[in-house]
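# Overview (structure and organization)
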Amino acid sequence: MSLLERYIFRRAALYCVSSLASLVLIVWIVQALQRIDIVRTSASAAGNIFWIALMLLPNLAAGVLPFAVLIGSIQALNALNGDSERAVIAAAGAPRWTVIKPVLYLGLAAAAAILINSHVIGPLAQKSFFTGLRGVNADAITLFLQPGRFERVQDGLVISIGNARGSQIDSLFISDRRDPQLDLTYFAKSAQIVQREGQSFLMLFDGQLHRQSKTDGSVSIIQFHTYAFDLADLQPSNGGDWIRTSERSTSDLLAPNPNDRDYQRRPYDFAKEIVQRFSDWLYPISFALWALVVAGQPRTHRQSSGWTTGVGLCGALALKASGFVAISLINANAQPVWLVYALPIASIVSSAVLLVLNVDLARVAPLARLGDGLRRLGQRMRPSLAAADAGHGPGGRT
């Protein structure tokens, strides 16, 4: 890249990193707070919570990275226009590729990072995350629950044990009211923390499951000889995988063991995971090109650029939501797999065509009216904001 292209790349990358840090921090705090209950279960859990929460970061960062590329690119392009640098670049006769190349390189770098995370870092982090949760919950049940006391392990989840000898548990009681539609109560004569495929699970023996509907109050009783609980979320593992597809390596997903019980029961879950891993890297490229489409044109100070962020985010959210829907439609026949790839590729192609044709979205009638409306709104609000600032100034009244 030339000196000017490196300058634009550094500016866009700085905005991208700032946006990424903000988005990841917000989502990470929300995710960590959802699991803060495990800290109350044991002293050791408080020491492990940071490591467990840290394992959330790779996939959280990969999930918001395309949006960080979009926001950072739009902010950089708007800043170039605001400082009149974009107009100077155009007036100096520099080709449009001078602005396109740095933003496209930023999208390609983000795509490479997502590829590495999807196939290497992400699965390892997910495995460490769920392994950590299982270990903490196993310690909470076998070491820190006092016999005969009813302990609230999570909101809506109460556990009581008769006695614990290592991994062996006598007389286990579990009351699960986390489901808004159903109350579940488990009674077991004994239980044990067991290892399977390197993961810890809670096995209940010789017990009953009482299911009570919260809508009509009806109760059903199920007698069981063995019942398995996944210690990662203290949920029955009968309806889920022993090892989640997100924890599996890409090679396991591409060539699964035909005798794998989880693969035999829900092969389309493997298809969903592998399709997502091979399609997520396309979104940073798509969003980078879309940022160039909405904010890449030279503009003067009189031309509003505030609408570019709104239009850019709306288009990106619509594309990403469509991708999620396409993945959710994959079932036993795996028919919509092509749609998962077609959506971001179609966005890349359409944005590239708009760039080649040098289409200015600000001249498109609906978007032009939106920009004019935002500009008029800002002009109307300016006197009120100025009066408010004057009223709160050094000589004003508060």
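Residues numbered from 1 in each chain as written. Predicted model: local features only at pLDDT ≥ 70, side-chain atom pairs only at ≥ 80, totals over all residues. Heavy atoms only, no water.

## Brief notes about the layout of surface pockets
Summary: where empty space remains is shown by rolling a probe the size of a single water molecule over the atoms. One number sums up the size of the largest pocket: a volume of about 690 Å³. Lining the largest pocket are 29 residues; nearest its centre among them are Asn59, Leu60, Gly63, Gln276 and Asp280. Listing elements by their share of the lining of the largest pocket, those giving two or more residues are α3 (57-82), α5 (97-144), α8 (267-279) and α10 (307-328). Per-element accounting of the lining of the largest pocket gives the leading share, eight residues, to α5. (1 Å grid on protein atoms, 1.4 Å probe; cavity = no way out; pocket = protein on both sides within 12 Å on 5 of 7 lines; lining within 4 Å. Points joined across faces, edges and corners; volume = space filled by probe spheres on them. Helix = DSSP H or I, 4+ residues; strand = E, 2+ residues; numbered from the N terminus.)

## Some words on empty space enclosed by the protein
The full count for this structure, using the stated rule, is two cavities of 30 Å³ or more. The space that makes up the largest cavity amounts to roughly 100 Å³. Every residue along the wall of the largest cavity is listed here: Arg86, Arg96, Val99, Ile100, Leu292, Val293, Gly296, Gln297, Leu354, Leu355, Asn358 and Val359. What lines the second largest cavity is simply Leu70, Ile71, Ile74, Gln75, Thr309 and Leu313. For the lining of the second largest cavity, the elements supplying multiple residues, two or more each, are α3 and α10. At four residues, the largest contribution of residues to the lining of the second largest cavity is made by α3. Of the residues that constitute the lining of the second largest cavity, the class distribution is four nonpolar, two polar and no charged. (Nonpolar A, V, L, I, M, F, W, Y, C, P; charged D, E, K, R; others polar.)

## Focus: the environment of serine 279
Here serine 279 is to be found in helix α8. In this structure serine 279 comes out as buried when scored by relative accessible area, which is 1%. Through-space distance from the C-alpha of serine 279 to that of alanine 111 is 10.0 Å; in sequence the pair is 168 residues apart. When near neighbours in sequence (up to four residues on either side) are disregarded, serine 279 contacts Val340 and Tyr341. (Buried < 20%, exposed > 50% of the residue type's maximum accessible area, 1.4 Å probe, protein only. Contact = heavy atoms within 4.5 Å.)

## Notes on the nonpolar core
Among the nonpolar cores identified, the biggest contains 41 residues, and Leu70, Leu77, Phe287, Leu289, Trp290, Leu292 and Val294 are the most heavily contacted of them. Per-element tally for this core: the top contributor is helix α9 (residues 282-295), with twelve residues. Setting aside its immediate chain neighbours within four residues, phenylalanine 287 contacts Pro66, Phe67, Leu70, Ala316 and Leu319. With 20 residues, the next largest nonpolar core counts Ile161, Ile174, Tyr186 and Ala188 among its residues. (Core = buried A, V, L, I, M, F, W, Y, C linked by side-chain atoms within 4.5 Å.)

## Digging into the pairing of strand β1 (residues 151-154)
In the sheet, β1 pairs with strand β2 (residues 157-165) via three bridges, with the strands oriented antiparallel. Paired with glutamine 154 across the two strands is leucine 157, which belongs to β2. The turn linking β1 back onto β2 is made up of two residues, and glycine 156 within it adopts a positive phi angle of 85 degrees. (Pairing = 2+ DSSP bridges.)

## Considerations on the pattern of salt bridges
Counted according to the given criterion, the structure contains five salt bridges. Between arginine 177 and aspartate 183 there is a salt bridge, with its nearest N and O atoms 3.9 Å apart. Since its relative accessible area comes to 14%, aspartate 183 is described here as buried. (Salt bridge = Lys/Arg side-chain N within 4 Å of Asp/Glu carboxyl O.)

## Here's the deal with the packing of aromatic side chains
One pass over the structure, following the stated rule, counts three aromatic pairs. Taken together, the ring pairs in this structure connect Phe67, Tyr283 and Phe287 into an aromatic cluster. Lying across the ring of tyrosine 283, lysine 320 places its NZ or CZ 4.0 Å from the centre. If you follow lysine 320 out to its NZ or CZ, it ends over the ring of phenylalanine 324, 5.5 Å from the centre. (Phe/Tyr/Trp six-rings, centres within 6.5 Å; stacked < 30°, edge-to-face > 60°. Lys NZ or Arg CZ within 6 Å of the ring centre and 35° of its normal.)

## Considering unusual backbone geometry
Note: most residues except glycine have negative phi, and most peptide bonds are trans. One non-glycine residue, serine 171, lies in positive phi territory at about 55 degrees. Relative to the helices and strands, serine 171 resides in strand β3 (residues 168-176). Since its relative accessible area comes to 44%, serine 171 is described here as partly exposed. The phi dihedral of aspartate 206 falls on the positive side, at around 55 degrees, and the residue is not glycine. If you trace the backbone, aspartate 206 turns up in strand β5 (residues 199-213). By relative accessible area, aspartate 206 is classed as partly exposed at 37%.

## Notes on the side chain of asparagine 117
With respect to the element layout, asparagine 117 can be found in helix α5. Given the relative accessible area of 8%, asparagine 117 is considered buried. Here asparagine 117 is in contact with Pro58, Asn59, Ala62, Gly122 and Pro123, once residues within four sequence places are set aside.

## A short note on the packing of α9 against helix α11 (residues 337-356)
Orientation of α9 relative to α11, taken along the N-to-C sense of each, is 25 degrees, at an axis distance of 9 Å. Here α9 is positioned roughly parallel relative to α11, judged by the angle of their axes. When the axes of α9 and α11 are compared, the crossing they make is left-handed. Contact with α9, carried on its side by Leu282, Tyr283, Ile285, Ser286, Leu289, Trp290, Leu292 and Val293, involves Val340, Tyr341, Pro344, Ile345, Ser347, Ile348, Ser351, Leu354 and Leu355 of α11 and no other residues of that element. (Axes fitted to C-alpha atoms, helices over the stretch in contact; angles between N-to-C directions. Parallel < 35°, antiparallel > 145°, perpendicular 65-115°, else oblique. Left-handed = near helix turned anticlockwise from the far one by under 90°.)

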